Every structure is written in C-alpha cells, then in structure tokens.
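# Summary of structural features
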Amino acid sequence: REVRSKFPRYPGLERWELVEKMGDGAFSNVYRARDRTGAYTSDVAIKVVRKYEMNSTQRANILKEVTIMRKLDHPNIVRLLEFSEAKQYYYIVLELAPGGELFHQIVKLTYFSEELSRHVIIQVAKALEYLHEEQGVVHRDIKPENILFYPIPVVPSKNPKPRQAGDEDKVDEGEFIPGKGAGGIGQIKIADFGLSKIIWETNTTTPCGTVGYTAPEIVKDEMYSKSVDMWALGCVLYTLLCGFPPFYDESIEVLTEKVAKGQFTFLSPWWDDISKSAQDLISHLLDVNPERRYTITEFMNHPWIRASGPTPRDEK
Ligand code: ADP
Ligand code: MG
C-alpha cells in the first residue's frame, strides 16, 4: 500500500514525489520533488500556484512569469523546466536551488565577509547584466528571499577573525575558496519573475522605429526600470555586509519617507571595519537620482567588484 504523503494530492502531479516544502508565497507553495519516471535524474522545484484563489489579472501575471522565464538561459537564473495546469492549479517545474534562500543564510551567519559578499553580489549582477543588456527584462523584485543558492561544504577557518562589537551571534563562515565560495554558499540562482517585465523584445525582426526617432520618455522608461533593479542590488549588498537593511523603520510611513529621501547611513560600529571602497559602491547604487545611479556596467567596473583576492575587514 502506498504511504500517505504529508502534502496535498495535486491532480496532474502524479509523476512527481513531493519530498519537502522549500518555501511559499501569497498564492503558492514550492516543493522539492523527485521524478518517479527517472527522466530527471536530480530533484526539481515545483511551484504549485493556487489558481482558484486568483482573479483574471493575477492569473495572467502567472502566464507572463512563465513566458518570460521560458526565454531565459543563464547559469545564475533558475531554469524553467516544465509548465502545466489543472483546473485549480498551475504547476511550474523549476531547476532546484538546493540551498534555498540567501535570506536564511544571512540570518544564520549574521553578516558576510567582503569576499563572500562579493562572490554573491557578482553572481546576482551577472544575472542582471544578462536580463538588462541581453534580454530586455527587468526583474523588479530582487531581494534576499528571491536569491537562491547551491550549497558547498564549509571549510573551517584556520585563523578565525577576532570578535568585534556586533559579532556576538556571528557564526564563522569558514575559509573562502576562490571560485567556489564560503559560508555554505556556492553558485547563486535568481528566482521569482512574478513582477518582471519586458522592456524590449529581442527576436523582433522589425525594429519599432529607427533609434534616432525614439522619444526621450521611451528611452527614459527603459532606463528607469533597469535602475530599480540596481537600487535593490545596493540594498542587498548593504545587507550582506552588515546583516541589516539600509532602510528600516517600525512605521511604514517613516520607512517610506526614508526611502524617498534616500536616507541611510553606514552605522557605527557595524560599518567601522568595512572597506571605504564597498561603501563607495553602495553609495552609487543607493543614489535617489535614477539618472545618476550606477548602471550594471558601472557596477561591474567598480574597483571593489574588480578587486580579486582577499579584502580583509581591517583594510580600510
Ligand atoms: P512568490 O512569487 O510567491 O514569492 P517564489 O517564486 O519567490 O514565489 O517562490 C517562493 C519561495 O519558494 C522562494 O522564496 C524560495 O524559498 C522557494 N523557491 C522558489 N523557487 C525555488 C527553487 N527553484 N529552488 C528552491 N527553492 C525555491
Ligand atoms: Mg518570491
């Protein structure tokens, strides 16, 4: 007799054995799943979306998410494997990111070293570079819950860094292995294209008007939407390095005001030992003026990103 699964029985998903729940969202549950046919040799992630709770706009958005993901092919973006639907559900079969959310890893380690932060943020940036420059797609929901990873084993540090103020709960992330990572974090995978948008179509053979005749508001729209991802990238980098976000307040009104004014600080003592170069890069990303804010190309060319080798916390 078959053992009863602890998860609901989803019509049309019989092929898959649901192994564990990886996460959830407003209308979805995401499971790690195993192919009973053996066609997929490794586990996958299945996003089960409750269609019956959604209105027609929300349903259309799921189809848009799938349409966008279908054309993406990048090592730092979760791959779409299959899509199907039943009367009540949509099933989005995705490449599994076995480590889960970067968010949990920040909570676990408190904050990341500069090397590990760079290892993570460069991969997020490579995904954005591909989306912005090659695919004409803006993600619009870059945050630690949507940044997933492949785990690697932690190699204990030979010389653990001395504890400092704010380090009370810090778990040692271990040695940084060049090209591999640290703190259990290997390859990064961006997920959740639920809010993403196409700013220009790639495989249109007919150009929509000669470039020289494109109105400034069209060009600016494209620029502004990309700059939204760059702001979020700055927020993520800030959070990785110190363990708390650049903008926070109990009151949503006060928080909104702080964001609108771009009011953030490199709070002492947490930022005292983080390089001025990292702070400079963050300041160029968290610029309230979207026309001045760093683009992905400027980000990639910043000295802190180009720096290879160790960036010890005591090197200012
Ligand atoms: P929502 O749009 O509801 O936020 P997401 O696509 O972000 O849905 O998925 C919700 C959560 O499920 C993620 O934050 C993550 O924890 C988990 N998840 C999603 N996709 C994967 C995946 N490919 N591998 C592992 N976990 C995933
Ligand atoms: Mg999400």
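I will try to describe carefully the structure that is included in this document. (Residues numbered from 1 in each chain as written. Chains lettered and ligands numbered in written order. Predicted model: local features only at pLDDT ≥ 70, side-chain atom pairs only at ≥ 80, totals over all residues. Heavy atoms only, no water.)

Its place among the elements puts T295 in the loop between α6 (276-285) and α7 (296-300). Taking relative accessible area as the criterion, T295 reaches 37% and is therefore assigned partly exposed. When the C-alpha atoms of T295 and V124 are compared, they prove to be 14 Å apart, with 171 residues separating the residues in sequence. (Helix = DSSP H or I, 4+ residues; strand = E, 2+ residues; numbered from the N terminus. Buried < 20%, exposed > 50% of the residue type's maximum accessible area, 1.4 Å probe, protein only.)

To continue, consider the layout of surface pockets. For the largest pocket, the calculated volume is near 810 Å³. Taken together, 34 residues line the largest pocket, and the ones lying closest to its centre are G25, S28, K47, N146 and D192. If you list the elements that add at least two residues to the lining of the largest pocket, you get β1 (16-24), β2 (28-35), β3 (44-50), α1 (56-70), β5 (89-95) and β6 (100-101). Sorting elements by how many residues they give to the lining of the largest pocket places α1 first, with 5 residues. A per-class count over the lining of the largest pocket returns 17 nonpolar, 8 polar and 9 charged. (1 Å grid on protein atoms, 1.4 Å probe; cavity = no way out; pocket = protein on both sides within 12 Å on 5 of 7 lines; lining within 4 Å. Points joined across faces, edges and corners; volume = space filled by probe spheres on them. Nonpolar A, V, L, I, M, F, W, Y, C, P; charged D, E, K, R; others polar.)

Before going further, it helps to spend a moment on unusual backbone geometry. One can expect most non-glycine residues to show negative phi and most peptide bonds to be in trans. Look at the link from S268 to P269: it is a cis peptide, with omega at 5 degrees. With respect to the secondary-structure elements, P269 resides in the loop between α5 (252-261) and α6. Even without being glycine, D192 reaches a positive phi, approximately 65 degrees. As for its position among the elements, D192 is in the loop between β9 (185-190) and β10 (197-198).

Before going further, it helps to spend a moment on empty space enclosed by the protein. With the rule as written, the count across this model stands at 1 cavity of 30 Å³ or more. Taken as a whole, the largest cavity spans an internal volume of roughly 30 Å³. Around the largest cavity, the lining residues are M69, L72, D73, H74, I77, V78, R79 and L80. Of the residues contributing to the lining of the largest cavity, the split by class is 5 nonpolar, 1 polar and 2 charged.

Turning our attention to the sheet that holds β5. With antiparallel pairing, 5 strands are arranged side by side in an open sheet as β1-β2-β3-β5-β4. The open sheet is flanked by β1 and β4 (80-85), the only strands paired with a single partner. Strand-to-strand twist of the sheet, defined as the mean angle between neighbouring strand axes without regard to direction, takes the value 25 degrees. The sheet contacts of α1 involve β3, β4 and β5, and relative to β5 the element is tilted by about 25 degrees. (Pairing = 2+ DSSP bridges. Axes fitted to C-alpha atoms, helices over the stretch in contact; angles between N-to-C directions. Contact = heavy atoms within 4.5 Å.)

So, about the nonpolar core. In summary, soluble globular proteins display a tendency toward joint burial of nonpolar side chains. Formed by 69 residues in total, the largest nonpolar core has its most connected members in F112, V120, I121, L233 and F299. Of the residues forming this core, the biggest block, 11 residues, is contributed by helix α4 (residues 216-242). Contact partners of L233, with chain neighbours within four places excluded, come to I121, V124, A125, L128, L285, I296 and F299. (Core = buried A, V, L, I, M, F, W, Y, C linked by side-chain atoms within 4.5 Å.)

For the rest of this paragraph, the subject is the packing of aromatic side chains. The full count for this structure, using the stated rule, is 17 aromatic pairs. Note on Y238 and W271: the rings are 4.7 Å apart at their centroids and 45 degrees apart in plane angle, and the pair reads as tilted. Taken together, the positions of Y238 in helix α4 and W271 in the loop between α5 and α6 put the pair 33 residues apart, joining distant regions of the chain. No difference in accessibility class separates Y238 from W271, as the two residues are buried. Every member of this aromatic cluster is reached through a ring pair, and the members are W231, Y238, F244, F247, F264, F266, W270 and W271. Between R118 and the ring centre of W304, over which it is positioned, the NZ or CZ distance is 4.7 Å. Sitting over the ring of Y111, K170 keeps its end group 4.8 Å from the ring centre. (Phe/Tyr/Trp six-rings, centres within 6.5 Å; stacked < 30°, edge-to-face > 60°. Lys NZ or Arg CZ within 6 Å of the ring centre and 35° of its normal.)

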